[in-house]
Amino acid sequence: MSTPYAKLPAWADYGLIPFINLLVSFAVAGLVVLLVGENPFHAAVILVDGAFGSGTGIAYTLYYATNFIFTGLAVAVAFHCGLFNIGGEGQAYIAGLGVGLVCLAFDHILPWWLTFPLAILGAALAGALWALIPAYLQAKRGSHIVITTIMFNFIAASAMVYLLVGPLKPRGAMAPQTRQLVEGAQLPKLGWLLQEFGLTVRPSAPLNLSFLLALVMAFVVWVIVWRTKLGYEIRTMGFSSKAARYAGISETRIIIVTMLISGALAGMMALNPIMGDQHNVSLDFVSGAGFVGIAVALMGRSHPAGIVPAAILFGMLYQGGAELAFEMPNISRDMIVIIQGLVILFAGALEHMFRPWVQAVFASFSPRSVGIAPSKAEGA
Amino acid sequence: MEFFEALINILNSTIRVSVPLLLACLAGLYSERAGIFDIGLEGKMLAGAFAGAAAAAVYGSAWVGLGAAVLVSVALALVHGFASITHRGNQIVSGVAINFIAAGSTIILGQAWFNQGGRTPSLTADGRFGAIDLPFADALQDVPVIGQIYSGLLSGHTLLAYVAFLAVPFTWWVLFRTRFGLRMRAVGENPAAVDTAGISVAWLRYRAVICTGVLTGLAGCYMALSQNAGFVKDMTAGRGYIALAALIFAKWKPVPAMFACLLFGFLDALSIRLQGTPLPIVGKVPVQFMQALPYILTVILLAGFIGKAIPPRAGGVPYVKER
Amino acid sequence: MAEAAIELVGINKSFGTVRANRDINLVIERGTILGIVGENGAGKSTLMSILYGFYQADSGEIKVGGKPVAIKTPNDAIALGIGMVHQHFMLVENFTVIENIILGAEHEPLLKKSIAKARSELERLEREYGLEVDPDAVVEELPVGLQQRVEILKALYRGAEILILDEPTGVLTPPEADHLFRILRQLKEQGKTIVLITHKLREIMAITDTVSVMRQGTVVATRETAQTTVEELAELMVGRRVLLRVEKGEARPGAVKLSVRNLTVRDSRGVTMVSDVSFDVRGGEIVGIAGVAGNGQSELIEAISGIRRAVSGNVLLDGKAIDVIGHADPGELRDRGLAHVPEDRHHVGLVLAFEENENSMLGYHDKPQYLQGPFLKIDAVRDDAKRKIEKFDIRPPDCRLRTANFSGGNQQKIVLARELEQDPGVLIVGQPTRGVDVGAIEFIHKQLIAMRDRGKAVLLISVELDEIRSLSDRILVMFDGRVVGERGPDASEGELGLLMAGVENREAAE
């Protein structure tokens, strides 16, 4: 028998349940830590300390969060249209080409604040283009976008490897990466902002201007999805394609536009490592951010107000995880992939698993909060 | 004839390469026919490969490895089942989650247990399934054409390869000649009809999902114990997704699925053969292009035909009793 | 005296805070036909689902043949001889008839033997009850009437002695319904007990021995059918006197606003659903299209309103053509004054997850009153929604509430308000009162008459013949994709019924 979804007060729905899902994810991850032979609580302490215990740590955390805000927004926009864009990884990778070409062309000629907007365009265009073919195939041929975007991730990897060991690599160099970019393509760091709050931040900390761009884009996404005609059409399509057809919304157009926006957002992620930190385009600079974006979008319920904190949480995992890898060599970055998977599982597929128990607790303390008149709760 | 020998070689490679695809494809068939969309074939194969290789290395026995592979894959399949069936969650999200969990766990546990950078120790002959020579393969070897086909192409594969191809008619028989198959197909088309007939929709779907687990376990085991001599990180490299595309291409039928997987296998084997060889007009093709070829082909496949394939009607939709 | 076939004592069932069944006591005598009537949401289907083991009652007792029983699953019900024929058929469309019948009752793990055994049993049943159907036909290729036979055979194959039929005639033409009743009478003569759930009072009078009326979860009355009337039953159903006919003045038709010529529409499988249909709708009149569901009415209005492509034909809106074959755009049609209240408000007319104000502009979201460049003017949207809520008495009057939380009648009002307030020249309405409570029905009917009186052209599609006859100034009957006749609103139900069944009147005078 189907359990009608129990009513809960709004704060429990949007705060408590996601928090419980998160807790369970960490508990299961803790089990894996145990299996590896380490102490999960000790690991957790190192994690949090590494992420927030110092100004430099915070800078790194926010630097990683920047990546995840972009990719999380990308996945979220697609979700609103009912599409699952798993291709963020590939879209961001190819965007590296867009950013790289702009920077390599202009870094000797223009100041960074002119190169930057051009690079944003380059990133967005490249990412959008990489999403275009899967979008078109879904819209026109019904080809499942999940499979095509996964395939495009693999194709992107092959393409970028080819370019980075070949045409883009400076002659005579060994490493598969472009030449270093000079000042005209280097974004200013933001460590000084944190220092205003009395924290010490190492000058090499990678937090840079693209973090602010990410926050701006979060706001822009909110405006687009909830305050524009386009966003209204996207949400309509996401909820009911029949209603969208009735309302005169062209399915093909909306799917393609949504995926272009999604690809563009994922592409912008490339600006952070390339222009903000490493100052080159190197192999695998995306390193999984596209996939983390999925977990971030699910945790954040596809809303920018949820995505930013979720991105910071995963930034914490990345930064804290780096510290952890020093102290506990058995726990590498791949632990984060596991946690990411668990978050996706609990926040995405099992999101209502704990609802009945939470509702029972609420009902016993305060029946009215779940919509039951007190007399009925006692008598029935 | 040299050309004929080369052909036999390529076809031989085709068979070897197709086996994990075929097993994964049949695995997906059970789930999807019952209405559960499973994008987690990749993760289950990977986890099965790791478990199989780890167990085989530790216990020095291929059979132990096989058992471990199947157990682990079935466990992951049950997680997917739990999320999709009991909790009616989004099946794609659940599958994606399992893929990540498998990817991360296999590396971390591999490193922690074996300390070889994420791989399992190389397996000795005990830990692998050996080649099986069909009767008279030796004697017939020199007979022109038939002998070459028999001993060069059909004979000499490992156990799981034969199992994979036998699984095709077996699956057909289960689907179309047994009560279980009838009910399974029904639950993928109209679960309400099954429910009102007094059959448990959930139990039926769980059984389908368990079948998927078993077959993906076999697929992973084949990759780690037969194709390779151990587990290497990310060794499935997207095969689980390609198997899914083959399944859609085959319109969810067992025999076309076999041909679809053989086709992919053939193209894969051909591309390995041609690596480094200059092609007419195009010249030398970059190795990365060859690596990307199976994925490009999958997209082309999905673009060309899928618009017309009709999946099981209730596929991917959690079953909720109407009020 | 034989014990009652079934006795329900004190049945209670709640879903969350909704009490679907409230202290129900019901006796079903063996060898009789009991009718259960009630409006949508009265609790009839829930009660029968409990009897069939689909749900469990929260409290109460079920007795079969005098003995208390526990029915936890449909299997238990089947074992007790209870069979159910559902409103929406529980058939696997791409299976054959015989595969559908044996599903769940295969008796053997291997199919070959099961099917062989079933075949002979099936032949016997078909002959005995007049339920002929080709066992090897694929279900999705059968007409609806035959599909229903398969449903009945399924129950009989499992040895049902008590047969529950849930709204069986919704998809049948009047002659098919008559045939069904003949079969039911025959089953009764053979000693079977039948429970008929329906909201069609005329059927109750035609075939049942007793009738129980349900309202808001309880049984409010039980009568011998021979001793009651349609009017009494209607009043019991609703709890007050019901106006079965809406009051309206004379129609004053003006110029032709919608002109359909030789329209042909095929569905996604290539089956012709609308075949060379032509008619006009003038301003100031309501044209009602009568017909059993599935005879092309849905596809007809989908083609006219731009949701579905037609194969050939012309449609003129205010004298200008609509490109029904190529690129008809519902948005463009709205701009030209064509409004459409769709048949399916849950999946087409509304987005249930949206707030009420968001649905209040669905389809009109690109109108300048709501937009500032690419941005939505949220205040304008909400104020407009509030205005409509007040005018149409939509409850609860909260434009920020999720649409799924409104009742069926209020949801329909949201759709109606939206379409009517755009002051269209032509209004197409499909099943306007399906799943709507009686109070809202009266309101909606009055609104449609008001539109007509303001000179608008109204095209009405409904499977409820009463509604068509009550509202329409002209009635067109569709059967098998064609318009088979046109009548005035005084046409008798018998006459319309024959047309709906495809029987042409040779002498219209008779």
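Residues numbered from 1 in each chain as written. Chains lettered and ligands numbered in written order. Predicted model: local features only at pLDDT ≥ 70, side-chain atom pairs only at ≥ 80, totals over all residues. Heavy atoms only, no water.

Explain the overall build of chain A to me, please; I cannot follow it from the model alone.
The number of helices and strands found in chain A is 17 helices and zero strands. Relative to the compact-globule value of 21 Å for 380 residues, chain A shows a C-alpha radius of gyration of 22 Å, a close match. Projected onto its principal axes, the C-alpha coordinates of chain A cover approximately 80 × 55 × 40 Å. Across the 380 residues in chain A, those meeting the buried criterion constitute 57%. Relative to all contacts within chain A whose residues are 6 or more apart in sequence, the contacts with residues 24 or more apart total 76%. Of the accessible surface of chain A, which amounts to about 15000 Å², a share of 68% is contributed by carbon and sulfur atoms. Charge centroids of chain A, computed over 19 positive and 16 negative side chains, lie 15 Å from each other. (Helix = DSSP H or I, 4+ residues; strand = E, 2+ residues; numbered from the N terminus. Rg over C-alpha atoms; globule rule 2.2 N^0.38 Å. Buried < 20%, exposed > 50% of the residue type's maximum accessible area, 1.4 Å probe, protein only. Contact = heavy atoms within 4.5 Å. Areas by Shrake-Rupley, 256 points an atom, 1.4 Å probe, with all protein chains shown as cover. Lys, Arg positive; Asp, Glu negative; His and termini not counted. Charge placed at Lys NZ, Arg CZ, Asp CG, Glu CD.)

Can you help me understand helix 1 (residues 2–33) of chain B in this one?
Residue and element names in this part refer to chain B. Here helix 1 contains 32 residues, and its C-alpha end-to-end distance of 44 Å stays within 8% of the 46 Å for a straight helix at 1.5 Å per residue. The largest bend in helix 1 is about 40 degrees, located at Ser18, with the proline Pro20 one to four residues further on. Gly35, located one to two residues past helix 1, shows a positive phi value of around 100 degrees. (Expected span 1.5 Å × (residues − 1). Bend = angle between axes of the 7 residues up to and from the residue.)

For this particular structure, what's the right way to read the pattern of salt bridges?
Oppositely charged side chains are able to pair whenever their charged atoms sit close together. Scanning the model with the defined rule gives 33 salt bridges over all chains in all. The partner of A:Glu233 in a salt bridge is A:Arg253, with the nearest N and O atoms 3.1 Å apart. Here the residue A:Glu233 occupies a position in helix 9 (residues 229–239), and A:Arg253 occupies one in helix 11 (residues 251–268), the gap between them amounting to 20 residues. Relative accessible area serves as the criterion here: at 5%, A:Glu233 is assigned to the buried category. Given a relative accessible area of 40%, A:Arg253 falls into the partly exposed group. Via salt bridges that share partners, C:Asp384, C:Arg387, C:Lys388, C:Lys391 and C:Glu421 belong to a single interconnected network. (Salt bridge = Lys/Arg side-chain N within 4 Å of Asp/Glu carboxyl O.)

Looking at this model, I keep getting lost on the interface of chain A and chain B. Mind explaining?
When the parts of a complex come together, some accessible area is lost, and that lost area is often used as the size of the interface. Every contact between the two is made by 43 residues of chain A and, on the other side, 47 residues of chain B. Regarding the contact of chain A and chain B, the summed buried area is about 3800 Å², with carbon and sulfur atoms giving 78% of it. Summed over the three residues of chain A that lose the most area to chain B, namely A:Arg141, A:Ile147 and A:Met151, the buried surface amounts to 16% of that side. Summed over the shared surface of chain A and chain B, the number is zero salt bridges. Counting across the chain A and chain B interface gives two residue pairs in polar contact (both at pLDDT 80 or more). (Buried area = accessible area lost by both parts, 1.4 Å probe. Polar contact = N/O pair within 3.5 Å; in protein donor to acceptor, adjacent residues only side chain to side chain.)

Just checking my understanding: could you explain the packing of aromatic side chains for this structure?
Aromatic rings in a pair are described by how distant their centres are and how their planes are angled relative to each other. Residues and elements named next belong to chain B. Overall, the coordinates contain 21 aromatic pairs over all chains when judged by the stated rule. Look at Phe50 and Phe231: their rings are 5.2 Å apart centre to centre, the planes differ by 80 degrees, and that puts the pair in the edge-to-face class. Placement of Phe50 in helix 2 (residues 41–59) and of Phe231 in the loop between helix 10 (201–227) and helix 11 (239–249) is noted, with a sequence separation of 181 residues between them. The residues Phe50 and Phe231 share a single accessibility class, namely buried. (Phe/Tyr/Trp six-rings, centres within 6.5 Å; stacked < 30°, edge-to-face > 60°.)

Is there a simple way to think about unusual backbone geometry in this case?
A negative phi holds for most residues other than glycine; trans holds for most peptide bonds. Of note, the bond from C:Arg395 into C:Pro396 is cis; its omega dihedral lies within 30 degrees of zero at -5 degrees. Backbone geometry places A:Ser287, a non-glycine residue, at a positive phi of 35 degrees. A relative accessible area of 35% means that A:Ser287 is categorised as partly exposed. Phi is positive for C:Asn262, close to 50 degrees, though the residue is something other than glycine.

Help me out: how do you make sense of the domain arrangement of chain C in this one?
Along its sequence, chain C is carved into domain 1 (4–238) and domain 2 (256–352 + 403–509). For domain 1 of chain C versus domain 2 of chain C, the separation of C-alpha centres amounts to 32 Å. (Domains from an automatic or database assignment.)

Help me out: how do you make sense of empty space enclosed by the protein in this one?
A water-sized probe, rolled over the atoms, reveals where empty space remains. All names here are of chain C. Summed over all chains, the structure comprises four cavities of 30 Å³ or more. If you go around the largest cavity, you meet 15 residues; those closest to its centre are Tyr52, Met84, Lys154, Ala155 and Arg158. At the level of secondary structure, the elements contributing two or more residues to the lining of the largest cavity comprise strand 6 (82–85) and helix 5 (144–157). Tallied by class, the residues present in the lining of the largest cavity amount to eight nonpolar, four polar and three charged. (1 Å grid on protein atoms, 1.4 Å probe; cavity = no way out; pocket = protein on both sides within 12 Å on 5 of 7 lines; lining within 4 Å. Points joined across faces, edges and corners; volume = space filled by probe spheres on them. Nonpolar A, V, L, I, M, F, W, Y, C, P; charged D, E, K, R; others polar.)

How should I be thinking about a nonpolar patch on the surface in this particular structure?
Residues and elements named next belong to chain B. Taken together, the side chains of Phe136, Leu140, Val143, Val145, Ile146, Ile149 and Leu154 make up a nonpolar region of the molecular surface, amounting to roughly 620 Å² of accessible area. It is helix 6 (residues 146–154) that provides the largest number of residues to the nonpolar patch, a total of three residues. Tracing the sequence through the fold places Phe136 in the loop between helix 4 (91–114) and helix 5 (137–140). The class for Phe136 is exposed, based on a relative accessible area of 64%. (Patch = residues over 30% accessible without salt bridge, like charges linked within 9 Å, V, L, I, M, F, W, Y side chains within 5 Å.)

Help me understand the sheet that holds strand 14 (residues 312–317) of chain C, please; the structure alone is not making it clear to me.
The strands making up a sheet associate through backbone hydrogen bonding, with each pair oriented either parallel or antiparallel. Residue and element names in this part refer to chain C. Read across the sheet, four strands follow the order 12-11-14-15 without closing on themselves; strand pairing throughout is antiparallel. One side of each edge strand has no neighbouring strand; the edge strands of this open sheet are strand 12 (272–282) and strand 15 (320–322). Ignoring strand direction, the axes of neighbouring strands in this sheet form an average angle of 25 degrees. Alignment of strand 11 (residues 256–266) against strand 12, held across seven bridges, turns out to be antiparallel. (Pairing = 2+ DSSP bridges. Axes fitted to C-alpha atoms, helices over the stretch in contact; angles between N-to-C directions.)

Would you explain helix 7 (residues 159–177) of chain B in this entry?
Owing to its 3.6 residues per turn, the α-helix brings residues three or four apart onto one side. Residues and elements named next belong to chain B. End to end, helix 7 covers 26 Å across 19 residues, agreeing with the expected 27 Å (1.5 Å per residue, within 8%). Maximal helix bending in helix 7 amounts to about 30 degrees, located at Ala167; proline Pro169 follows within four positions. When helix 7 is considered as a whole, its buried residues turn out to be Leu160, Ala161, Ala164, Ala167, Val168, Thr171, Val174 and Leu175.

Help me understand the pairing of strand 19 (residues 426–430) of chain C, please; the structure alone is not making it clear to me.
On a regular strand, each side chain points to the face opposite its neighbour's, so the side chains alternate between the two faces of the sheet. Residues and elements named next belong to chain C. Most of strand 19 is tucked away: five of the five residues are buried. Residues Val426, Ile428 and Gly430 of strand 19 are buried on one face, and the alternating residues Leu427 and Val429, pointing to the opposite face, are buried as well. One ladder, built from four bridges, connects strand 16 (residues 338–341) with strand 19; its direction is parallel. Of the residues in strand 19, the one forming a bridge with Leu338 is Val426. Sheet topology note: the strand 19/strand 20 (residues 457–461) ladder contains five bridges and is parallel. Each bridged residue has a counterpart across the sheet, and for Ile428 the counterpart in strand 20 is Leu459.

Is there a simple way to think about the environment of A:Val102 in this case?
Residue and element names in this part refer to chain A. Positionally, Val102 belongs in helix 4 (residues 88–106). A residue is classified by how much of its surface remains accessible, and Val102, at 14% relative accessible area, is buried. Along the chain, Val102 and Ala139 lie 37 residues apart, while their C-alpha atoms are 31 Å from each other. Those residues in contact with Val102 that sit more than four places away from it in its chain are Thr115, Leu118, Ala119 and Gly122.

Honestly, the confidence of the model for chain A in this entry has me stumped. Any pointers?
Segments scoring low in pLDDT should not have their predicted coordinates read at a detailed level. Residue and element names in this part refer to chain A. For chain A, mean pLDDT is 88; residues scoring 70 or higher make up 94% of the total. Throughout residues 1–5 the model reports pLDDT below 50, and contacts reaching past four residues in sequence, or to other chains, amount to 10 contacts. Below pLDDT 50 for its whole length, residues 374–380 participates in four contacts with residues either more than four positions away or in separate chains. (pLDDT = per-residue confidence, 0-100.)

I would appreciate a short explanation of the interface of chain B and chain C in the present structure.
At the junction of the two partners, chain B supplies 24 residues and chain C supplies 27 residues. Of the roughly 2200 Å² buried between chain B and chain C, counting both surfaces, carbon and sulfur atoms make up 61%. The interface formed by chain B and chain C contains one salt bridge. Here C:Glu106 makes a salt bridge to B:Arg183, at a shortest N to O gap of 2.6 Å. At the junction of chain B and chain C, the tally comes to seven residue pairs in polar contact (both at pLDDT 80 or more). Of all the secondary-structure elements, those providing two or more residues to the side of chain B that touches chain C are helix 7, helix 8 (179–189) and helix 9 (191–196) of chain B. Top contributing element to the side of chain B that touches chain C by residue count: helix 8 of chain B, with six residues.

What should I look at first to understand the sheet that holds strand 16 of chain C in this one?
Residues and elements named next belong to chain C. Read from one edge of the open sheet, six strands run 16-19-20-13-21-22, paired in mixed fashion. Both edges of this open sheet fall to strand 16 and strand 22 (482–487), since each of them pairs with a single strand only. Going from strand to strand, the sheet's axes swing by 20 degrees on average, the running direction of each strand aside. Each of strand 13 (285–290), strand 16, strand 19, strand 20 and strand 21 (474–479) touches helix 9 (residues 297–304); the most contacted strand, strand 20, lies at about 145 degrees to it. Lying on the sheet, helix 14 (residues 408–420) is in contact with strand 16 and strand 19; it crosses strand 16 at an angle near 175 degrees.

What is the right way to look at the packing of helix 3 (residues 55–80) of chain A against helix 11 of chain A in this model?
Packed helices, taken two at a time, are described by the angle between their axes plus the distance between the axes. All names here are of chain A. Look at helix 3 against helix 11: their axes get within 7 Å of each other, and the N-to-C directions meet at 170 degrees. Taken together, the axes of helix 3 and helix 11 lie roughly antiparallel to each other. Contacts from Phe70, Leu73, Ala74, Val75, Val77 and Ala78 in helix 3 reach Thr258, Met259, Ile261, Ser262, Leu265, Ala266 and Met268 in helix 11. For the contact of helix 3 with helix 11, the residue count by class is 11 nonpolar, two polar and no charged. (Parallel < 35°, antiparallel > 145°, perpendicular 65-115°, else oblique.)

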